[in-house]
Structure formats: C-alpha cells, structure tokens
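Letter by letter, the chains look like this.
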Amino acid sequence: MSATGIIFSNIHDNNIPELTRMRTVASVPFACRYRFIDFTLSNMVNSNIYNISVITHNNYQSLMDHIGSGKDWDLARRSGGIKILPPYITAFANNANLYQTRLQALKSVNDSISRITDDYVVLSDCDVICNVDFNDIIAYHQKSEADMTIAVKTVDLTPETAKINTIFTSDEDGRVTDVLAYPTNFSGTADISLNIVVMKTSYLKQIVLDAIAHDHNSLTRDVIARNMDRMNYRVYKYEGYFACISSFEEYYRNSMDLLRNSEARASLFSVKNRPVYTKVRNSSPSYYSPTSTVKNSMIADGCYIEGTVENSIIFRGVKIGRNATVKNSIIMQDSIVGEGASLDCVITDKNAVITDKRRLSGADIQPYYISKGKKI
Amino acid sequence: MLKKQECVAMLLAGGQGSRLYTLTEKTAKPAVRFGGKYRIIDFPLSNCVNSGIYTVGVLTQYQPLALNEYIGNGEPWDLDRVNSGVRVLPPYQAKSGGDWYKGTANAIYQNLEFINRYDPDYVLILSGDHIYKMDYEKMLEAHKEKGADCTIAVLEVSLEEASRFGIMNTDEDLRITEFEEKPKQPKSTKASMGIYIFNKDLLEKYLIDDEADPNSSKDFGKNIIPKMLADGRKMYAYAFSGYWKDVGTIQSLWEANMDLIGDQPEFDLRDRDWRIFSRNYSDPPQYIGEYAKVSNSLITEGCEIEGIVENSVLASGVKVARGAIIKDSIIMRNVTIGEGATINYSIVDSETKIGAGSIIGHTRSSNSGIAVVGSELELKPGTNIPGGEMVDAEWLEKNK
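The structure displayed is predicted, hence computed values, not measured ones.

1. Focus: the overall build of chain B
Scanning chain B from terminus to terminus reveals ten helices and 33 strands. A compact globule built from 400 residues would reach a C-alpha radius of gyration of about 21 Å, and chain B, at 22 Å, matches this within 12%. For the C-alpha atoms alone, the extent of chain B along its principal axes is close to 65 × 50 × 45 Å. In chain B, the share of contacts with a sequence separation of at least 24, taken over all contacts with a separation of at least 6, comes to 58%. Accessible area for chain B stands at about 16,600 Å²; split by element, carbon and sulfur atoms hold 46% of it.

2. Notes on the nonpolar core
Phe-36 and Tyr-251 of chain A are the most contacted members of the largest nonpolar core, which totals 73 residues. Of the domains in this structure, domain 1 (3–269) and domain 2 (287–370) of chain A are the two that each give at least three residues to this core. Those residues in contact with Phe-36 of chain A that sit more than four places away from it in its chain are Ile-16, Val-25, Ala-26, Val-28, Phe-30, Cys-126, Asp-127, Ile-129, Ile-245 and Tyr-251 of chain A. Grouped together as the second largest cluster of nonpolar side chains are 49 residues, Val-337 of chain A together with Val-309, Ile-326 and Leu-379 of chain B included.

3. Here we look at the pattern of salt bridges
Inspection of every chain in the model, using the stated rule, returns 33 salt bridges over all chains. The partner of Asp-334 of chain A in a salt bridge is Arg-272 of chain B, with the nearest N and O atoms 2.9 Å apart. With one member in each of two chains, Asp-334 of chain A in the loop between strand E22 (330–331) and strand E23 (336–337) and Arg-272 of chain B in the loop between helix H9 (250–258) and strand E16 (286–288) form a pair that bridges those chains. Since its relative accessible area comes to 47%, Arg-272 of chain B is described here as partly exposed. Salt-bridge contacts for Arg-164 of chain B lead to Glu-161 of chain B; the nearest nitrogen and oxygen are separated by 3.7 Å. Judged by relative accessible area, which is 32%, Glu-161 of chain B ranks as partly exposed. Several salt bridges share partner residues, and in doing so they unite Glu-250, Arg-253, Asp-257 and Arg-260 of chain A into one network.

4. Some points on the interface of chain A and chain B
Listed by partner, the interface residues are 39 residues for chain A and 38 residues for chain B. Both sides together, the interface formed by chain A and chain B hides about 3,100 Å², and carbon and sulfur atoms give 42% of it. When the area that chain A buries against chain B is broken down by residue, the three leading residues are Asn-282, Pro-285 and Tyr-288 of chain A, summing to 21%. In this structure, the connection of chain A to chain B is made through five salt bridges. Along the contact surface separating chain A from chain B lie 27 residue pairs in polar contact (both at pLDDT 80 or more). The set of elements that each furnish at least two residues to the side of chain A that touches chain B consists of helix H11 (262–269), strand E14 (286–288), strand E15 (293–295) and strand E16 (297–299) of chain A. Split by residue class, the side of chain A that touches chain B holds 19 nonpolar, ten polar and ten charged.

5. A look at the domain arrangement of chain A
Residue and element names in this part refer to chain A. Domain assignment breaks chain A into domain 1 (3–269) and domain 2 (287–370). The C-alpha centroid of domain 2 is placed 32 Å from the C-alpha centroid of domain 1. Taken together, the contacts link 20 residues of domain 1 with 24 residues of domain 2. When domain 1 packs against domain 2, close to 1,800 Å² is buried across both sides, 69% of that on carbon and sulfur atoms. Of all residues in domain 1, the largest losses of buried area upon contact with domain 2 belong to Cys-32, Tyr-252 and Leu-259, amounting jointly to 40% of the total for that side. Joining domain 1 to domain 2, the criterion identifies one salt bridge. Salt-bridge contacts for Asp-349 lead to Arg-23; the nearest nitrogen and oxygen are separated by 2.8 Å. Put simply, domain 1 and domain 2 have four residue pairs in polar contact (both at pLDDT 80 or more) between them. Elements supplying a minimum of two residues to the side of domain 1 that touches domain 2: helix H1 (17–20), strand E2 (29–30), strand E3 (34–35), helix H10 (248–260) and H11. No other element matches H10, which puts eight residues into the side of domain 1 that touches domain 2.

6. A short note on unusual backbone geometry
All names here are of chain B. The backbone phi angle of Asp-119 is positive, close to 45°, even though this residue is not glycine. Summarising the element assignment, Asp-119 is placed in the loop between helix H4 (112–116) and strand E8 (122–127). Judged by its relative accessible area of 36%, Asp-119 falls in the partly exposed class. Of note in this structure, Leu-174 is not a glycine but carries a positive phi near 70°. Secondary-structure assignment places Leu-174 in the loop between strand E11 (166–170) and strand E12 (176–181). By relative accessible area, which is 22% here, Leu-174 ends up partly exposed.

7. A short note on helix H5 (residues 136–146) of chain B
Residues and elements named next belong to chain B. For H5, the set of buried residues is Tyr-136, Met-139, Leu-140, Ala-142 and His-143. All buried residues of H5 project into a common sector of 160° when viewed along the axis, lining one side. Away from the buried face of H5 by more than 90 degrees, exposed residues Lys-138 and Glu-145 are located. Measuring from the backbone nitrogen of Glu-137 back to the side-chain oxygen at the start of H5 gives 3.0 Å, which picks out Asp-135 as the cap.

8. A closer look at the sheet that holds strand E24 (residues 330–331) of chain B
Across the sheet, eleven strands lie side by side as E26(A)-E23(A)-E20(A)-E17(A)-E14(A)-E18(B)-E21(B)-E24(B)-E27(B)-E30(B)-E33(B); this open sheet has mixed pairing. Both edges of this open sheet fall to strand E26 (353–354) of chain A together with strand E33 (390–391) of chain B, since each of them pairs with a single strand only.

9. Thoughts on helix H7 (residues 200–212) of chain B
Residue and element names in this part refer to chain B. Over its 13 residues, H7 runs 19 Å from end to end, which matches the ideal 18 Å to within 8%, given 1.5 Å per residue. Residues of H7 that are buried: Lys-200, Leu-202, Leu-203, Tyr-206, Leu-207 and Asp-210. Each buried residue of H7 sits inside an arc of 155° when the element is viewed along its axis, so together they form one side. Projecting away from the buried face of H7 at angles above 90 degrees are the exposed residues Asp-201 and Ala-212. For H7, the secondary structure elements touched by its buried residues are helix H3 (104–109), H4, E8, strand E13 (190–199) and helix H8 (220–230).

10. What to know about the sheet that holds strand E31 (residues 378–379) of chain B
Backbone-to-backbone hydrogen bonds join strands into a sheet, with any given pair of strands oriented parallel or antiparallel. A sheet is described by the order of its strands in space; here eleven strands give the open sequence E28(A)-E25(A)-E22(A)-E19(A)-E16(A)-E16(B)-E19(B)-E22(B)-E25(B)-E28(B)-E31(B), paired in mixed fashion. Unpaired on one side and paired on the other, strand E28 (368–370) of chain A together with E31 of chain B mark the two borders of the sheet. Direction of pairing for strand E19 (residues 313–314) of chain A relative to E22 of chain A: parallel, over a ladder of two bridges. Of the residues in E22 of chain A, the one forming a bridge with Ile-314 of chain A is Ile-331 of chain A.

About the criteria used
Residues numbered from 1 in each chain as written. Chains lettered and ligands numbered in written order. Predicted model: local features only at pLDDT ≥ 70, side-chain atom pairs only at ≥ 80, totals over all residues. Heavy atoms only, no water. Helix = DSSP H or I, 4+ residues; strand = E, 2+ residues; numbered from the N terminus. Rg over C-alpha atoms; globule rule 2.2 N^0.38 Å. Contact = heavy atoms within 4.5 Å. Areas by Shrake-Rupley, 256 points an atom, 1.4 Å probe, with all protein chains shown as cover. Core = buried A, V, L, I, M, F, W, Y, C linked by side-chain atoms within 4.5 Å. Buried < 20%, exposed > 50% of the residue type's maximum accessible area, 1.4 Å probe, protein only. Domains from an automatic or database assignment. Salt bridge = Lys/Arg side-chain N within 4 Å of Asp/Glu carboxyl O. Buried area = accessible area lost by both parts, 1.4 Å probe. Polar contact = N/O pair within 3.5 Å; in protein donor to acceptor, adjacent residues only side chain to side chain. Nonpolar A, V, L, I, M, F, W, Y, C, P; charged D, E, K, R; others polar. Arc of directions from axis to C-beta. Pairing = 2+ DSSP bridges. Expected span 1.5 Å × (residues − 1).

See below:
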C-alpha cells in the first residue's frame, strides 16, 4: 500500500481575510512556531506519505519560502518529496480564471494526477488542525471497501458555525446518506467534514476526467451528493483533538483553547512518534529577565521577555519590554512590544511594533488585529 | 580531485574530556550539550560557516556515536554541499596498517589524503572544546598579509592565568619569538587558543617529518610548533579579543552557561549577524504554567514549566512540575523534575528523571561545589544528592 498526498493551500482563504491578505491559508502562523500546513504535512509524513503535491493559486510566496526544499519535513527527496503546483496558465490562453473549489483545483492539475502511481490518495485542506494517522483512515477505507472515505468529527453546531461547515449524515455502517454543504439554518449535533478525503488513485483519476467532461465544479455537490446512492462513500469518525479555523474569531478562540486545555496541547503536540515539524529558524533559547512575569502562556524560542505575559501566545523572536503587559493576546514573529505598553485581546501579525506606553484592547469575541509590519 | 578550496578546516573532536566526568561518559566532549539547544561543536562549526569556510573535517575518536549522529550530513550548518561540506574522519585501517590517533599532529597526519583532495593553500586547525565567536576569514587575511608560514590565534589573559596556558612571546609585529607551555614565570600574557593556520605544503612537510621521529609525542603544541619556531619559520600571533571560554571542566562549563544569561550577557546567542546553528528537534513551543515563576533564565522549546526557575539554563523538553525549584542550574534535554523537588547549583544531564521531593545540590553560596547528575538516570522520589557530588549509575547502585 502506498499513498500520495494532495494539499489544497488556498481553499477557504476568504474565511480569515485578515491573516490571508498576504499569504495562503496554508501559511497562516499558528501556535507560536507553526504554519497551518505544518500540521497537514506532518500528518502525512508521520503516516509514511512522502509524495505530496501542494496546489496553490495566489499569494503563495510565503508558502514557498516556508516549505523551501521540504527538508524540514523530510520531504527533500530525489524521488517523490514535496511539489508545489502553482496555477498552470498556458501562453496565449486569454482566460486566466483561477479555480475556486477543490474539484476545479484537481481539474487544473489533471496532468499531474494522471501520473500518480501510488495506490491511494489523501486529499486535505489546511485549515483543520489535528494530529491524525492517515494510515488508520486508509485501513478503514480498505476494510469497508469504500470508494471514498471522508474523515468527520461529531460536534455541536449553532447556525453560525453550521453555515461554514459541510455536514455528513450516515447510516450505522458509516455509509454516507446525505451531505449538506454550508447549511444556513442548521443547529444541533452533527458530523462535520474535516476536509480529509481518502480514495483509490484510479477513482480520483476517473472523478477528475468525469468532472472535466461534465464541467462539474464541486466535489461535495457534483460528485458526492450525485453518486452517494450508487457508490460506497463512507465517513471515518475521528475522535481526537481538532480545530477548524473557519473565521478570524475561530482562529483566536482555537489559539486560546490551547492555553486553557492541556489535553488539547498534549493530543496535538505530544503524540508518540508523531511530532509536528516546521521550518527550522535557529533561534536561540528565550530569555526571561528578572522583571518578567509569565503565566499560562506558550512561548517560542528567540524571545526576550522583560514584561508581564498572561494567557498569551508569543511567536519566535518577539521582544516584550519592561513593564509591558500582554494579556489574552497573540504576538506573531519578530514583533516588538514597547516598554510600559499594554495589550489585551490583541493579535499582531509578524514584525508589528507597539510603541512604548501604547494601550490597545479588543474583546475576546472580537480581538483587535494589527497587520504585518505595522507600527502603532 | 575535488574542486579546489582555498582553506580546509580540521576540527579536532576526538578528546575524551575526562574532567567533565559523567557528562562525557557516553559522548565525546564536543558533543556535550551547551546553552539550552546547542552542543559545544556548534560553535566552531558555526564559526566556520559564518567565516565562509565550507570544507570541514571533524576528527573523531572517543565515543563518536552521538557526535556522528549529530553532525549527520551537515545540513543544520549548511554544510551538506556538493564540492565541500563537513566530513567525519574517524581513525581507519590502511594497507600499511592503521592506528588510533596518537596525538593532535598524528590525527592530521593520518588525514593528509583528505586535505589534499581539496588542494588547499591553507589548513585551519580547530579544537572542539571552546565557546567563542570568531571570524576565521580575518585571521586568514592577517596570515596572508604577513606572508606567514603559520599563524596562531592568541588571547590576552591575566598574568596569574597565564601559567595555565601555552604562552606566545612576540615582537612588536606579533611575530612569535618564543613559545612556552604553561610557564611558571610567564613573559607575556598572549595565550594560545589552539587555533592555527598553516600553509598547507609546509604543514605537510612538518607532519611527515614529525611522524618519522620516534621521540615525538605527535602533538602540535609540544612538537610541531616548537620545531617550526626552531627552524626560524615565519610564525605570527593573531590577537583575538572577545569572549572565549574553555569548557573542559564542570566549573567552567557551568560558568560558560551562566555567561549566556542576563540583560547584557557576556556571550550573546541572540546576535543575528553571527548565528550559532544547531540541529533542531521537533519540539512544541514552551509552556509556562499558571503557577510558574521564571526569572533570569534561558528556556528552550518543548519545556513545560509549572515550578520556579531562577538563574538557570533549561534545554529543550525539560518538564518542571509544580512546586519544584530550580536555581543556578543547568538542566539538559528532556529531563523531568518531579513535584516539589529542589535543584540548586547543579548540572543534570539529558533524559534523567528526578523524583518528587528530591533535593539535588546545595546553594551556590555554601561553597559545596556543583552537583552533577548523569544522563538517563532515574532518581527515586526523595533522593538527596549533596553539593559537589558526581552521580552516575554506579553511584545510584552504591547509595541505594
């Protein structure tokens, strides 16, 4: 059994526009030292998937910079490894429309898909943070002789959260009986898609060719919903930790959850034989000065902390000045918080500068966002 | 023949470092952990890369496993290269026989073939037991400028300290007139740092001659340097100023780690113009808990701190339970410290578990000395280790 991974790096960019203005959703920074794609890539590598294609369409410079040759994920390989598939626009084509959906993305890389020789493919988005062994899903897929297996998680939904998720219903054998994409009036307990899909490579090739011939554009509506009665589509119920980052507020809430919930941290970061890899930056250890007070916070390496930090997530290379107070906030890479400044419920993007004594505050349901490189 | 390199660095990393006791029981001294996420060898290796020297031979002999594994293909230092890069050079058997490295000069002699593959003009000899940042390129420039046969890096030390070092007596132009090993009455305070640049051809000649001399102890300081000096070769000192520390003893290793701490540390690891590279592990971010108090300390990725940490250096993956107190100590990778344990003025080596309520070491002011706990040990709850004690598996067996 061998498998290829296909990662969609831009799907759902629109969900968190603040953080994706200059980057793909795949390269959104998360949890002190990671980018979203690190979790998906690590899951694949830890499941012995070493042939990985990342489909992109725009803003992918930061992603290319992050991935580099792929060596930090053990994906710099002579055969296989990681391949970035930017949009393929032929010369003389006057139509530069880029794909919006996963099926459109797959159609656009049909050429690449047609050459996959592995038995199975694992399709994954980047905005679902979890630590999962794809081999378990593939084993379940094989055992149930499914044509397609979709990983789902049982959650409680409100109309607010339901409308940004895809809901699957299934019979007691796990066979898909219905699928609702982004329902606008749903609430209650349901199985939502983790946007991780497993199928045989031969079936994927068939789906893509079929979609091109019929001009189908949605994997959920045009493939799953149309064929679920005659094909064997299954759900795989994932039980572990997961965070679906479907909005800016969810980004904040899920980040803060890592601080509140030590089990969440453990099930994401401390799973035996399944570490999370990321780009190595060679930061020195972090220094906590005698004037610092740090409580219930996650801190990356390379920080210099002289002030107070509480319930916060501090990325690599951040400086927190003397008498500064940072509470309930997320401070991204290389940002500087000046002396005596005070932040509460603030998210600063990379390289932000908060000048001395500045006071900024958001609310926990609506954190205040400071964009990349901005000086306040 | 490989692509020509102007200068090849040879890093002597075979030393046992017996004065580090249990810390070098299972690894060579250059592989001893330092400063939270580094090993001693990261410093000369990073210096090489930052100085534009990309061909480095690492001569290993004593307990090389950890060192070999650590260096790997050299990727963390950008030394995985096509025409150059880092190579680990253990002693080997050849047609004419083979032997262990009998001295520093013999180690280089046995690897002349490696050096000659790059057809270098110069050879830089380094040792793997010092913590410092140095631009070897500047030293090479000085060497070329003087038209020297050999250049030796020296550091100004105090007159009292001078009798512990190899001392270079020079004229005004820094030309070396006399070399004295650990002189009782030093005539100068220029101490050799064990960093040499030789013109390759000349070095080769002296190494071959030295090898043929049955009375030689095959050592640079004892044989090669005095012989070249006696022959009237052009030998110059290169004055280095800045932080430099031999970490060959428990005391100096502890001090060098402490030099990394503070608002204005003596040795700044944060300097982005002279980065120290190291092999990274995939550890999660640090987590500082609700009841933790961290002060004047360096903490590394993967640490989970619920207790009190003061004036200490914690390497990656250290877990400190609630109520534990760590003071003036160095805790190496993946050590777990149980609830209410107290660690004072100590060094705890990697992967060791300290049981709850244990008391390790004594306060720094008590003059009892640094307590050292070896790697991969399991200390039962309530273990009491007095200050200055060296704890290894044998000690634990005896003091059950």
